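Structure at a glance
Residue-level listing of the chains:
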Amino acid sequence: MPEAKDARKKPKEPFPGAYYLAGAITIALMLFFMVLGATLPPGIAGFLVAFVLGLTVNPKYVPFFLVAGLFSAVMGFLGQEPQVAWGGVALVLSQVLVKRFNWT
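Residues numbered from 1 in each chain as written. Predicted model: local features only at pLDDT ≥ 70, side-chain atom pairs only at ≥ 80, totals over all residues. Heavy atoms only, no water.

1. Observations regarding the layout of surface pockets
Convention followed: Buriedness of a pocket was judged along seven lines, with at least five required to meet protein on both sides within 12 Å; pockets are open sets of points on a 1 Å grid over the protein atoms alone, cavities are sets where a 1.4 Å probe fits but cannot get out, and lining residues have an atom within 4 Å of a point. Grid points are joined across faces, edges and corners, and a volume is the space filled by probe spheres set on the points. Secondary structure elements follow DSSP: runs of H or I no shorter than four residues count as helices, runs of E no shorter than two count as strands, and numbering proceeds from the N terminus. Think of it as three bins: nonpolar holds Ala, Val, Leu, Ile, Met, Phe, Trp, Tyr, Cys and Pro, charged holds Asp, Glu, Lys and Arg, and polar takes everything else, Gly as well.
Quantified by volume, the largest pocket comes out at close to 170 Å³. What lines the largest pocket is Thr26, Leu29, Met30, Phe33, Met34, Val49, Val52 and Leu53. Taken together, the elements giving at least two residues each to the lining of the largest pocket come down to α2 (18–39) and α3 (42–54). Among the elements that make up the lining of the largest pocket, the one with the highest residue count is α2 (five residues). A per-class count over the lining of the largest pocket returns seven nonpolar, one polar and no charged.

2. What to know about a nonpolar patch on the surface
The criterion, for reference: Residues forming no salt bridge and having over 30% relative accessible area are the ones grouped into patches, like charges within 9 Å of each other and nonpolar side chains (Val, Leu, Ile, Met, Phe, Trp, Tyr) within 5 Å. In these tables, accessible area is a Shrake-Rupley quantity obtained with a 1.4 Å probe, and a residue counts as shielded only by the protein chains included in the view. In the sections that follow, a salt bridge refers to a side-chain nitrogen of Lys or Arg positioned within 4 Å of a carboxyl oxygen of Asp or Glu. Remark: exposure states derive from per-residue accessible area (1.4 Å probe, protein chains only) relative to the maximum for the residue type, with buried under 20%, exposed over 50%, and partly exposed in between.
Taken together, the side chains of Phe15, Leu21, Ile25, Leu29 and Phe32 make up a nonpolar region of the molecular surface, amounting to roughly 480 Å² of accessible area. When you line up the elements, Ile25 lands in helix α2. Since its relative accessible area comes to 45%, Ile25 is described here as partly exposed.

3. A short note on the packing of aromatic side chains
As a reminder, the rule being used: Think of it this way: a Phe, Tyr or Trp ring, Trp meaning its six-membered ring, pairs with another when their centres are within 6.5 Å, and the plane angle makes it stacked under 30 degrees, edge-to-face over 60, tilted otherwise. Geometrically, a lysine NZ or arginine CZ counts as sitting over a ring once it is within 6 Å of the ring centre and also within 35 degrees of the ring normal.
For the coordinates displayed, the defined rule picks out three aromatic pairs. Measuring from ring centre to ring centre gives 5.6 Å for Phe32 and Phe33, while their planes differ by 70 degrees; the resulting arrangement is edge-to-face. Given the relative accessible area of 18%, Phe33 is considered buried. Both rings, one in Phe47 and one in Phe51, keep their centres 6.0 Å apart while their planes meet at 5 degrees; by these two values the pair is stacked. Here Phe51 and Phe47 lie together in helix α3, a separation of four residues that amounts to about one turn. Owing to a relative accessible area of 29%, Phe47 belongs among the partly exposed residues under this scheme. It is Arg100 that lies over the ring of Phe101; its NZ or CZ is 5.1 Å from the centre.

4. Quick word on the packing of helix α4 (residues 62–78) against helix α5 (residues 82–100)
Here is the rule: Each axis is a line fitted through C-alpha atoms, and for a helix only the stretch in contact is used; angles between axes span 0 to 180 degrees, taken between their N-to-C directions. Convention used here: angles under 35 degrees read as roughly parallel, angles over 145 as roughly antiparallel, angles from 65 to 115 as roughly perpendicular, and any remaining angle as oblique. The hand of a helix crossing depends on one turn: near helix anticlockwise from the far one by less than a right angle means left-handed, and clockwise means right-handed. In this analysis, two residues are considered to be in contact whenever any of their non-hydrogen atoms come within 4.5 Å of each other.
At a closest axis distance of 7 Å, the pairing of α4 and α5 adopts a crossing angle of 155 degrees. What the angle tells us is that α4 and α5 run roughly antiparallel. As for the relative orientation of α4 and α5, their crossing is left-handed in sense. Side by side, α4 and α5 meet where Val62, Phe65, Leu66, Ala68, Gly69, Leu70, Ser72, Ala73, Gly76 and Phe77 of the first sit next to Val84, Ala85, Trp86, Gly88, Val89, Leu91, Val92, Gln95, Val96, Val98 and Lys99 of the second. The class makeup of the residues in the contact of α4 with α5 is 15 nonpolar, five polar and one charged.

Any link to function would need more than the numbers given here.
Quick look at the structure:
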C-alpha cells in the first residue's frame, strides 16, 4: 500500500536542482541585459530591455503595464530621454503581443 501512495505523490520539482538551475539562468540573463544595455546606444538599449522583459508579464497585468508603457513613452519623448521613451514604446508593443497571443 505505501507504494501506491508514493506513486500518486507528485515531486515538488521537475527534476532535482531545477529551481537552482532556474535561478542561475535568471541571474545570468539579468547580467547579460545589464552588459548589453550598458554597451548599446540609449534608445536601442531601452527598447530591447523593456521589450524582452515586457514579454514576461502575466497576462492579467497587461492593462497596468500598457498604461505604464504609454506614460513612459510620453514622458520620455517630452523630456528628451531616449532610453525611457523607446523603452515605453517597447513596453507597449510587448504588452500588445502578450495580450494578443495569450495561450492560457
